[in-house]
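# Chains, contacts and geometry: an overview
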Amino acid sequence: MIEARDLTKVYSGKVAVDHLSFTVQPGRVTGFLGPNGAGKSTTMRLILGLDRPDSGVATINGKRYAELPNPLRTVGALLEAKSVHGGRSAANHLLFLAQSQGLPKSRVDEVLDLVGLRDVAAKRAGTFSLGMNQRLGIAAAMLGDPQVLLLDEPVNGLDPEGVLWIRNLLKYLATQGRTILVSSHLMNEMAVTADHL
Ligand code: ADP
C-alpha cells in the first residue's frame, strides 16, 4: 500500500503539490489523473524519496522509501524511460541493476520475457524505439519482483499495440495482488485501464 499524507512541495514559490492525501490499495490499478503540470511526477518523486516534501509524509507499506531494507524488492518505478545508458545492451543494463541490488541473475531473463524483449536483449538500448524503452523501464521496475509499482505516464508516445500491452500488463500485475499507481493526463486511457482513480 502507498500512503500520502498532507504532501506539499513548493519550487521557488510555485506550489507543485498542495496538501495532497491519498492511499493506493493493493489488488487494483489506481490511476493518477491530471493535466500536464498538475504535480503527478513531483508526487511520485516524493513517494520515492527523490525529492523532499515541504510538508507531509509518503510511505510504502508503512515505511518511508529511505527506511525500506530492500527498496527494489519492495517497490519498482518507471519515471523516465529514456534514462538508460544508450551504449549498454538491454540485458547488461538489467544485469547491472540486478547486481547492484543483490538480485539473482536469473531475474534478468525473467523480466525480459515478461516485457517481450528477450529477442533484442543483446541490442544496445540507444537503438530502441520509445516503446521498447518503456518495456525496458518496466523490466527494470519488475527486477526485484516488487509488490508496489509506480509508473509515470507509461503510455506516452506509444503506438496502439504498446498502449494495449501496458494496459493488459498492469491489470495482470494487479490481479497478482500488487499495488499499482499509474499516472496519465489521458482521461480515455485511464477510463479503460484504472479500477480506481
Ligand atoms: P505533471 O507530472 O503532473 O505534469 P510535474 O510534477 O512535472 O507535473 O510539475 C508540477 C509543477 O512543478 C509544474 O509547474 C512544474 O513546472 C514544477 N516543477 C516540477 N519539478 C520542478 C523542479 N525540479 N524545479 C522547479 N519546478 C518544478
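So, a few notes on the structure that sits alongside this text.

What counts as what
Residues numbered from 1 in each chain as written. Predicted model: local features only at pLDDT ≥ 70, side-chain atom pairs only at ≥ 80, totals over all residues. Heavy atoms only, no water. Near = heavy atom within 4 Å. Polar contact = N/O pair within 3.5 Å; in protein donor to acceptor, adjacent residues only side chain to side chain. Areas by Shrake-Rupley, 256 points an atom, 1.4 Å probe, with all protein chains shown as cover. Helix = DSSP H or I, 4+ residues; strand = E, 2+ residues; numbered from the N terminus. Nonpolar A, V, L, I, M, F, W, Y, C, P; charged D, E, K, R; others polar. 1 Å grid on protein atoms, 1.4 Å probe; cavity = no way out; pocket = protein on both sides within 12 Å on 5 of 7 lines; lining within 4 Å. Points joined across faces, edges and corners; volume = space filled by probe spheres on them.

Moving on: the site of the ligand. Around the ligand sit Tyr11, Lys14, Ala16, Pro35, Asn36, Gly37, Ala38, Gly39, Lys40, Ser41, Thr42 and Arg45, and those are all the residues in its vicinity. Gly39 places a polar main-chain atom, nitrogen or oxygen, 2.9 Å from an oxygen atom of the ligand. Side-chain polar atom of Lys40 to an oxygen atom of the ligand: 2.9 Å apart, as the coordinates give it. Bound to the protein, the ligand loses 63% of the 560 Å² it would expose on its own. In terms of residue count, the dominant contributor to the shell around the ligand is helix H1 (residues 40-47) (4 residues). Class assignment of the residues belonging to the shell around the ligand gives a composition of 4 nonpolar, 5 polar and 3 charged.

The next subject is the layout of surface pockets. Considered as a void within the structure, the largest pocket measures approximately 430 Å³ in volume. Surrounding the largest pocket, 19 residues form its lining, Ala77, Leu78, Leu79, Ser83 and Ala140 being those nearest its centre. Of all the elements in the fold, those that place two or more residues in the lining of the largest pocket are strand S5 (75-78), helix H3 (90-100) and helix H5 (130-142). Classifying every residue of the lining of the largest pocket gives 14 nonpolar, 4 polar and 1 charged. Of the voids in this model, the second largest pocket is the one considered here, and its volume is about 220 Å³.

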